[in-house]
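# Tertiary structure, described
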Amino acid sequence: MITIPYLTALTTYFSYGLLFAFGQFRDFFRKIFDWWQASNLQGYAPICLGLEDFYIRRLYLRIQDCFGRPIASAPDAWFDVVERYSNDYNKTLKRTEKKSRCLNLGSYNYLGFAAADEYCTPRVIDSLNRFSASTCSTRVDGGTTTLHKELEECVANFVGKPSAVVFGMGYVTNSAILPVVIGKGGLIISDSLNHNSIVNGARGSGATIRVFQHNTPSHLEKVLREQIAEGQPRTHRPWKKIIVVVEGIYSMEGELCKLPEIVAICKKYKAYVYLDEAHSIGAVGKTGRGVCELLGVDTADVDIMMGTFTKSFGSCGGYIAGSNELIQYLKYTCPAHLYATSISPPAAQQIISSIKVILGEDGSSRGAQKLARIRENSNFLRSELQKMGFEVLGDNDSPVMPIMLYNPAKIPAFSRECLKQNVAVVTVAFPATPLLLARARICISASHTKEDLLKALEVISQVGDLVGIKYFPAEPKKQLQPGKETIKLE
Amino acid sequence: MYVRAEPTTDLNKNTEWFTYPGVWSTYILIVFFSWLIVLSLLGTSPGTAWTIVHLSHFFVTYHFFHWKKGTPFADDQGIYNGLTWWEQIDNGNQLTRNRKFLTVVPLVLYLIALHTTDYQLPVLFLNTVAVLVLVIAKFPNMHKVRIFGINADH
């Protein structure tokens, strides 16, 4: 739950109002200016309708240098960030040849597989030599190699479901599966903070969409009861299918889903559960199998389990795991399987190898060490930041750590000041988060050492004092015991 | 000192900021401070300052609440392109708390403007026209109504 100081809320609204007013003035004068000058596009319709690009032009471009920074090395714990400069107040940014070595607090590198790994990389290079970089085909034409078959078995085993299907891109997995499993006459009930891929997939399916309050099982039950009683809009016939879509760890809050309660409610009202484990698979749970293992939910109770390989496995792509019949059906109907290029073979090999490391099947205990390290790192950093007075969201054990910033001016201030001290953070603002709740999101990795975390704490504390985001009173440092403070008078 | 910011169920990013705590106070404080600024910069009587604030409030809120349609970003794929901001808030539900508050504010401003100008005739007329237009635009029966096709979609 986010607790915001009242004065900060007022000043944040006022700042956005001021930015909005300035943007409108500049647009107004730009319109007069352009009407004065003739344009060579007479008769063509404008590309953007009305105010559609207002936010991009007048708010986002002002602080564009904080987003989309190009990097010049693998996204390990330390990486090279390319320096950029701008001659026209951030409207266009030009790259320089200079790079700065920064601490990486932004990549989704939960288990440290993003850089070269002693077990995975030789095997990936091997598969690159054997299968080449792309299958150059869809799965149904010529793009199913032995690696793909092995990968699907491996993923199904790892997740705890009878079978799985793998796609080349994580976003597409959600937006191409939802239209296939539900259509017009069905009902999708999704958490209010679900990812854009789920929202797009739900809109594309044609089903009716209802939203329940984030992570509130009682509100989910209320919405379910209301919708089942009312039936389809206008005809009031019973719904053909009801799917409840939730995420394992919410990427902007770092919170875990209240899965046991939600699964119990869905069983009671006979709705299907679709769990998106993009951030939690491989990162939480005793053996890394995600929120089901962490919260003690039987995987047979979750009907469709979806996840991505970008976060914990250091690769790309997404998977859907479910019953044999479901996966067979998806292989016949899903456009991402029938028409999209299959996942690249080296990427598939990386996933297989990293799953082997996590499970300890490579003969070492590195997997268990990584899981323990990421848990320790996240708990350490979160408790230290909270002691300093920052408002940090997220549950314990969650590697995603948003630090609240709120005011729009603090977003570029925090980002740029941290970069000056060689710490790279990702800041997120409207419209990815609600207007009031801008934040800097830190992603902890198992490859961060204790020194890295201490450096991060020092830099964030300094920058936090400078920018003014320690909204809670700091806990006092431990007092020295009396008797040890004697001053020797020599 | 601290308030809780609960996430809402409103999917429209253009209007969901209005459901968080602190918006009403910010609105009232902006109106009050703009009266102080008008009073100090133009040096008129308090009544004229309130009339100026009331009329500029009318122009600004009419333009942004009831004239401009759509949202200032493109990633909702234009599903609200035919609706003004007033028609978008609270998912189109009428007579919610936010809507009642936003209807009361121009009325209160109107009463203050009239009282401080002693109900003199020329400004009385202007203020009354402003408040009538604003309040009629906020009626539930005016949802998605475009009089004489003004501001309708293409």
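Residues numbered from 1 in each chain as written. Chains lettered and ligands numbered in written order. Predicted model: local features only at pLDDT ≥ 70, side-chain atom pairs only at ≥ 80, totals over all residues. Heavy atoms only, no water.

### Remarks on the interface of chain B and chain A
Contact with chain B, which involves 32 residues of that partner, is made by 38 residues of chain A. For the pair chain B and chain A, the two sides together bury roughly 3200 Å², of which 66% comes from carbon and sulfur. Counting across the chain B and chain A interface gives zero salt bridges. At the boundary of chain B and chain A, one finds nine residue pairs in polar contact (both at pLDDT 80 or more). Put simply, the parts of the chain that give the side of chain B that touches chain A at least two residues each are β1 (2-5) and α1 (23-42) of chain B. Considering every element that reaches the side of chain B that touches chain A, the biggest residue donor is α1(B), with five residues. For the side of chain B that touches chain A, the residue count by class is 17 nonpolar, eight polar and seven charged. Bridging between strand β1 (residues 2-5) of chain A and β1(B) involves four bridges; their strand directions are antiparallel. Residue pairing in the sheet places A:Pro5 in a bridge with B:Tyr2 of β1(B). (Contact = heavy atoms within 4.5 Å. Buried area = accessible area lost by both parts, 1.4 Å probe. Salt bridge = Lys/Arg side-chain N within 4 Å of Asp/Glu carboxyl O. Polar contact = N/O pair within 3.5 Å; in protein donor to acceptor, adjacent residues only side chain to side chain. Helix = DSSP H or I, 4+ residues; strand = E, 2+ residues; numbered from the N terminus. Nonpolar A, V, L, I, M, F, W, Y, C, P; charged D, E, K, R; others polar. Pairing = 2+ DSSP bridges.)

### Focus: the UniProt feature "transmembrane region" (unreviewed entry) in chain A
UniProt records the feature "transmembrane region" (unreviewed entry) at residues 6-25 of chain A, using the numbering of this structure. For residues 6-25 of chain A, helix accounts for 100% and strand for 0%, while the C-alpha atoms at its two ends are 29 Å apart. (UniProt positions renumbered as here; feature names shortened; annotations may be inferred.)

### Details of the environment of A:Ser312
Residue and element names in this part refer to chain A. Relative to the helices and strands, Ser 312 is located in the loop between β9 (304-308) and β10 (318-322). Ser 312 sits in the buried class, given a relative accessible area of 1%. Separated by 200 residues in the primary sequence, Ser 312 and Gly 112 place their C-alpha atoms 7.6 Å from one another. Excluding anything up to four places from it in sequence, Ser 312 contacts Tyr 110, Leu 111, Phe 113, Ile 281, Gly 282 and Ala 283. Looking at Ser 312, its side chain comes within polar contact range of the main-chain oxygen of Ile 281, at 2.7 Å. (Buried < 20%, exposed > 50% of the residue type's maximum accessible area, 1.4 Å probe, protein only.)

### Observations regarding the pairing of β9(A)
All names here are of chain A. With respect to burial, β9 is a largely interior element, five of its five residues being buried. A two-sided burial pattern is seen for β9, the buried positions comprising Ile 304, Met 306 and Thr 308 on one face and Met 305 and Gly 307 on the other. Taken together, the four bridges between β9 and β10 define a ladder with antiparallel strand orientation. By the bridge assignment for β10, Gly 307 is matched with Tyr 319.

### A word on the domain arrangement of chain A
Residues and elements named next belong to chain A. Splitting chain A by domain gives domain 1 (65-104 + 369-467) and domain 2 (119-359). For domain 1 and domain 2, the distance between their C-alpha centres works out to 28 Å. Tallying the contact residues gives 17 residues for domain 1 and 17 residues for domain 2. Across the domain 1/domain 2 interface, buried area totals approximately 1200 Å², and carbon plus sulfur atoms make up 61% of it. For Glu 253, the salt bridge goes to Arg 439, with nearest N and O atoms at 3.0 Å. For the interface between domain 1 and domain 2, the tally reads seven residue pairs in polar contact (both at pLDDT 80 or more). For the side of domain 1 that touches domain 2, the element with the most residues is helix α13 (residues 366-388), which contributes three residues. Residue classes in the side of domain 1 that touches domain 2 are distributed as eight nonpolar, four polar and five charged. (Domains from an automatic or database assignment.)

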